[in-house]
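Remarks on the overall topology
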Amino acid sequence: MGCEIVVAGAGDRTAAAIRRLFAAREATFSRFRPDSELSAVNTAAGRPTVVSAGFARMLERSLALAAETDGLVDPTVGAALVALGYTRDLSELGDDPAPAGAPRPAPGWRRVELCGRLLRIPAGSALDLNGVVKSATVDDAAALLDGDGFVSAGGDLAVRGPTVVALPGGGAVSAVRGGIATSGSTKRRWRRAGETHHHLVDPATGRSAETPWEAVTASGATCVAADVAARAAFLAGAGGPAWLDRRGIPGRFVAAGGTVTVNRSWAAMVGEPACT
Amino acid sequence: MDSERSSGAARMASARRRAHRAKVALTAAGLGCFALGMTLVQGNVSGHTRRQARPLAAPKRFQKAVRRDALDGGLLAPAQAPPGATTSVS
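For the structure given in this document, a descriptive report is provided here.

The rules behind these values
- Residues numbered from 1 in each chain as written.
- Chains lettered and ligands numbered in written order.
- Predicted model: local features only at pLDDT ≥ 70, side-chain atom pairs only at ≥ 80, totals over all residues.
- Core = buried A, V, L, I, M, F, W, Y, C linked by C-beta atoms within 7 Å.
- Buried ≥ 20, exposed ≤ 12 C-beta atoms within 10 Å, placed from the backbone.
- Helix = DSSP H or I, 4+ residues; strand = E, 2+ residues; numbered from the N terminus.
- Contact = placed C-beta atoms within 7 Å.
- Expected span 1.5 Å × (residues − 1).
- Pairing = 2+ DSSP bridges.
- Axes fitted to C-alpha atoms, helices over the stretch in contact; angles between N-to-C directions.
- Parallel < 35°, antiparallel > 145°, perpendicular 65-115°, else oblique.
- Left-handed = near helix turned anticlockwise from the far one by under 90°.
- Nonpolar A, V, L, I, M, F, W, Y, C, P; charged D, E, K, R; others polar.

**Focus on the nonpolar core**
All names here are of chain A.
- Ranked by size, the top nonpolar core spans 84 residues in total, and within it L157, A218, V228, A229, A232 and A233 carry the most contacts.
- No other element matches helix α6 (residues 223-235), which puts 11 residues into this core.
- Those residues within four positions of A232 in sequence are excluded, and the remaining contacts are T69, L72, V73 and W243.

Right, dumping it as structure tokens:
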């Protein structure tokens, strides 16, 4: 999944099981592996395809979260990412003098037809499930832990028992239950013809989202909830803190200049003054 | 001769009318018996629905609650110790 995985509180056998779990998910859901099931689905766009039960479950979850975020976190942004030049693993993605392609707005999660294991995505579209898959795998891996501990993939955590977590821009918080995740534009970014792009794409425009935030951290009942909430709040722009507050989700926002603000839900739990 | 022919035609017409009425009465009786039988079966035989069938899917309200729970907030507290883990931009 192109990120570092850290596990605390696991014996050798559990650690091996977690390693196998991440490898299996990577093999199924990688957009960059031509032999993955996701690549097969994207290649068959426009035609009905029978997918595995695990794939159908993960996609169903992605679609439910797309509905819950009012389409902010949409699994149909795959073609938009390809058009912007995110075609390989980030480690292989350097500056490219060639310009990015024309922006391709996402067709929208409502146009994905999934009935049991039978799937059809709109012709010319592509799915990108990386965000949900990574955080769901973190949750599943944390469920394998024998006792207290945590699992982290690229900074998205699921905890079993209270864990003190260092935050972007300084400071720390104790995650008592659930997960904590950060989304932002500072890591997965690349340049095309001098223009910088990042992976958090606005589904409506097909362009990398322009928001006041550099990083958004959210805490969820699960790592998936935290990750999706963080991404949605990032994409919601200046309305991100209020968007999370309406759902009772704690959020912490680092602005481009490094200024840190938190929403009311975060302030109520952690005791920091909230932004107004 | 003519009077014999006309009385025969009248008897035929009368017989046709009676036959038509008998058919209508038999059809109506058959439909009535079928409807009565179906009603009795629906009310008394297990496996026949007594009320309109409802879909097996979870009610919309329940689905909505589950969806909302999928994006539920976590539980945080002020840090009382040095960090043991890190969340960073992914």
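Next comes the rest of the write-up.
**Regarding helix α3 (residues 53-68) of chain A**
All names here are of chain A.
- In this model α3 runs 23 Å from its N-terminal to its C-terminal C-alpha over 16 residues, within 8% of the 22 Å that 1.5 Å per residue would give.
- Where α3 is concerned, the buried positions are F55, M58, L59, S62, L65, A66 and E68.
- Phi turns positive, to about 55°, at D70, one or two residues after α3.

**Looking at the sheet that holds strand β3 (residues 113-115) of chain A**
All names here are of chain A.
- What the three strands build is an open sheet, ordered β2-β4-β3; its pairing is antiparallel. With partners counted over all chains shown, the strands left at the sheet margins are β2 (49-50) and β3, one partner each.
- Sheet topology places β2 next to strand β4 (residues 118-120); two bridges connect them, and they run antiparallel. Pairing of T49 across the sheet is with L119, part of β4.
- Set on the sheet, α3 makes contact with β3 and β4; between it and β3 the angle comes to about 130°.

**Describing the pairing of strand β9 (residues 189-192) of chain A**
All names here are of chain A.
- Sheet topology note: the β9/strand β10 (residues 195-198) ladder contains four bridges and is antiparallel. Bridged to W190 within β10 is H197.
- Taken together, β9 and the strand that follows it, β10, pair antiparallel across an intervening segment of two residues, in which A193 is found at a positive phi of about 50°.

**Focus: the packing of helix α5 (residues 130-143) of chain A against α6 of chain A**
Residue and element names in this part refer to chain A.
- Direction vectors running N to C along α5 and α6 enclose 150°, while the axes themselves pass 7 Å from each other. Here α6 runs roughly antiparallel to α5, going by the angle between their axes. The element α5 and its partner α6 pack so that their crossing is right-handed. Across the interface between the two elements, G131, V132, S135, A136, V138 and D139 from α5 touch C223, V224, D227, V228 and R231 from α6.
- Classifying every residue of the contact of α5 with α6 by side-chain character gives six nonpolar, two polar and three charged.

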